[in-house]
Amino acid sequence: ADNIRLRQINYILNIVHCQCQNIFLQDENIRHISLLFAGDFNMLPHTSAHQFLTNGVYSMKAQGNTPLRLMMDAALNKIARWCRSLGVDCSYYSEQKLDSESASQLFEVCRRQNRILITRSKRLVARRECPAHLLLAHADARDNLK
């Protein structure tokens, strides 16, 4: 439920931001907008949604309490967009055909940038030089985001 609250807060804040931008464009004399955002938002302190609302930043942590950095292959562009909207540091490798050369380039980028490879390709993760990875089982993006 916390991830749903996080997404909802991100959504409403994006709407507020767009409305403020429109106000700024309409009247150049307005330099600052004060906004009171009230409610209990059905969340507890120290949750990710509370952290995002109070600090404007949400950082997911990987094992060892290091920042979570992901690399999605070309088949997972929708999941990459969702992860980015949730504040996850997520890159997207756009090369559609992963032959030996492009797979090696993808693996090198993952290692150099310290990213976890996320893919649905069993052939890709079966390669000997494959870095840390997560193999997704579902074709539907919503199932994979659970």
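For the structure itself, look to the data block above.
Residues numbered from 1 in each chain as written. Predicted model: local features only at pLDDT ≥ 70, side-chain atom pairs only at ≥ 80, totals over all residues. Heavy atoms only, no water.

Evaluated as defined, the whole model comprises three salt bridges. We note a salt bridge from R69 to D89, for which the minimum N-O separation is 3.0 Å. Here D89 lies in strand β2 (residues 89-92) and R69 lies in strand β1 (residues 69-72), a separation of 20 residues in the sequence. Judged by its relative accessible area of 27%, R69 is partly exposed. A salt bridge links R115 to D89, with the shortest nitrogen-to-oxygen separation between them at 3.0 Å. (Salt bridge = Lys/Arg side-chain N within 4 Å of Asp/Glu carboxyl O. Helix = DSSP H or I, 4+ residues; strand = E, 2+ residues; numbered from the N terminus. Buried < 20%, exposed > 50% of the residue type's maximum accessible area, 1.4 Å probe, protein only.)

What follows concerns the sheet that holds β1. Across the sheet, four strands lie side by side as β2-β1-β3-β4; this open sheet has parallel pairing. The strands lining the two open edges of the sheet, one partner per strand, are β2 and β4 (133-135). When strand polarity is set aside, the average angle formed by the axes of neighbouring strands in this sheet is 25°. (Pairing = 2+ DSSP bridges. Axes fitted to C-alpha atoms, helices over the stretch in contact; angles between N-to-C directions.)

Estimates place the volume of the second largest pocket at around 180 Å³. The wall of the second largest pocket is formed by D73, A74, A75, E95, Q96, L98, R120, S121, R123, L124 and R127. Here the lining of the second largest pocket is built from residues that sort into four nonpolar, two polar and five charged. (1 Å grid on protein atoms, 1.4 Å probe; cavity = no way out; pocket = protein on both sides within 12 Å on 5 of 7 lines; lining within 4 Å. Points joined across faces, edges and corners; volume = space filled by probe spheres on them. Nonpolar A, V, L, I, M, F, W, Y, C, P; charged D, E, K, R; others polar.)

The subject of this paragraph is helix α4 (residues 100-112). With 13 residues, α4 extends 18 Å from end C-alpha to end C-alpha; this agrees with the ideal 18 Å at 1.5 Å per step. Among the residues of α4, S102, A103, L106, F107, V109 and C110 are the ones counted as buried. The buried residues of α4 occupy an angular sector of 160° when the element is viewed end-on, so they sit on one face. Turned more than 90 degrees from where α4 packs its buried face, E101 and R112 sit exposed. Where α4 is buried, its residues touch β1, β3 (116-119) and α5 (122-125). Two residues or fewer after α4 comes N114, characterised by a positive phi angle close to 55°. (Expected span 1.5 Å × (residues − 1). Arc of directions from axis to C-beta. Contact = heavy atoms within 4.5 Å.)

Sheet analysis places β1 next to β2, joined by four bridges and oriented parallel. Bridge assignment links L70 to a residue of β2, and that residue is C90. The handedness of the β1 to β2 crossover, carried by helix α3 (residues 77-85), is right-handed. (Right-handed = clockwise from strand over helix to strand, strands pointing away.)

A word on helix α2 (residues 48-55). Turning to α2, its buried residues are S48, A49 and F52. Down the axis, α2 shows its buried residues gathered within 105° of arc, on one side only. Two residues or fewer past α2, G56 is found with a positive phi of approximately 75°.

So, on to the pairing of β3. Strand direction decides the pairing type here: β1 and β3, joined by three bridges, are parallel. Considered in β3, the bridge of M72 is made with I118. In this structure, β3 lies alongside β4, joined through three bridges in parallel fashion. Bridge pairing in β4 links L117 to H133.

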